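Chain by chain, the residues run as shown.
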Amino acid sequence: MSEGAQTEQAAALVTGAAQGIGLGIATALAQAGFRVLLSDVAGALAETEAATLRAAGHNVLAATLDVTDPDSWSHAVAIVQERFGRLDVLVNNAGISPRGTAESTDLALWDLTLAINLKGAWLGVRAALPLLKAARGVILNIGSTRASRQMPGLFSYGVSKAGLLGMTQQLAVEYLHDGVRSNMIAPGWVDTANERKLQARHGRPDFPAGVSNLTTPEQVGAAAVYLASPAARVINGVVLYLDSGLHAADDAGMVFFPDRAGLPFPQRIEEA
Ligand SMILES: NC(=O)c1ccc[n+]([C@@H]2O[C@H](COP(=O)([O-])OP(=O)(O)OC[C@H]3O[C@@H](n4cnc5c(N)ncnc54)[C@H](O)[C@@H]3O)[C@@H](O)[C@H]2O)c1
């Protein structure tokens, strides 16, 4: 058991945990000694992954949770209360990343992106705060470098992640005196099964050569374990970038695809 876990087994709830980054975070927390509720709108898939983790000796459960639905949140938090009796870590990871500019994004897409990526996190915080306050726990919002470095064609996504950054900092200040911390993990491009499917749809067997900010779900999980640990007790209201320095670049497009440095900006980043 790592220092991430307390003496009595601490507990975590991870959204969007059936696959990808959420599963990486849930796995890392379980390996660090946390009891974990793997929640996802795809509840059956979450249960399959939870069964695999239980077979490996971890104390995890699964639940169906649609983060856009307050009743669904009440149900998930009630499971945590009943089965774990405490909640130390809430990970708002569920998210979608649709394409679209300010003009091509329609109302339905805007509402869906903001409902999942932004409102969903708030609903989770609201439902979980009584337990988080009791445990002096931590909120981890999974953002993106797109929270603060924008890319053409990711309009509703970029806006939602920028909003999530604002929420992260608002919560950090609002609940400081309750001992509840709130931080954001902002990964670069993460190698997940769904991202690989996206690459395949573009006819590519792998990620484009030269991408400098490729990250793994395991690396995101390790960051979550650290931010949830007593070692991070004074870390509040920050963004932890996992992007090999991309966010710090003056010309992020060049850093992202160094082989396209001679091209005008839009072409440089068009395939991202
Ligand atoms: N993959 C990347 O390159 C990358 C980079 C930066 C940030 N992120 C962020 O990381 C998070 C996870 O991304 P991922 O790549 O693992 O995605 P993914 O598509 O592999 O997994 C997302 C999970 O969220 C679930 N989900 C979708 N809508 C939901 C809802 N309404 N309620 C509950 N669960 C829901 C899906 O069922 C799925 O299991 C997202 O917030 C995403 O914006 C991803």
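First things first, this report covers the structure right here in the doc. (Residues numbered from 1 in each chain as written. Predicted model: local features only at pLDDT ≥ 70, side-chain atom pairs only at ≥ 80, totals over all residues. Heavy atoms only, no water.)

**Focus: the pairing of strand E2 (residues 35-40)**
Argument step 1. By the criterion of burial, E2 is predominantly enclosed, with six of the six residues buried.
Argument step 2. Burial of E2 is two-sided: the residues Arg35, Leu37 and Ser39 facing one way and the residues Val36, Leu38 and Asp40 facing the other way are all buried.
Argument step 3. Pairing of strand E1 (residues 11-14) with E2, which is carried by four bridges, proceeds in the parallel orientation. In the sheet register, Leu13 faces E2, and the bridge partner there is Leu37.
Argument step 4. Regarding the hand of the β-α-β motif, the stretch spanning E1, helix H1 (residues 20-31) and E2 is right-handed.
Argument step 5. Sheet topology places E2 next to strand E3 (residues 60-64); five bridges connect them, and they run parallel. Bridged to Leu37 within E3 is Leu61.
Argument step 6. For the segment spanning E2, helix H2 (residues 43-55) and E3, crossover handedness is right-handed. (Buried < 20%, exposed > 50% of the residue type's maximum accessible area, 1.4 Å probe, protein only. Helix = DSSP H or I, 4+ residues; strand = E, 2+ residues; numbered from the N terminus. Pairing = 2+ DSSP bridges. Right-handed = clockwise from strand over helix to strand, strands pointing away.)

**Some words on the packing of helix H3 (residues 70-83) against helix H4 (residues 107-135)**
Argument step 1. Running from amino to carboxyl end, H3 crosses H4 at an angle of 35°, the nearest separation of the two axes being 10 Å. H4 is crossed by H3, and the crossing has right-handed handedness. Between H3 and H4, the residues in contact are Pro70, Trp73, Val77, Val80 and Gln81 and Gly120, Leu123, Gly124, Arg126, Ala127, Ala128 and Leu131, respectively.
Argument step 2. Residues belonging to the contact of H3 with H4 are distributed by class as follows: eight nonpolar, three polar and one charged. (Axes fitted to C-alpha atoms, helices over the stretch in contact; angles between N-to-C directions. Left-handed = near helix turned anticlockwise from the far one by under 90°. Contact = heavy atoms within 4.5 Å. Nonpolar A, V, L, I, M, F, W, Y, C, P; charged D, E, K, R; others polar.)

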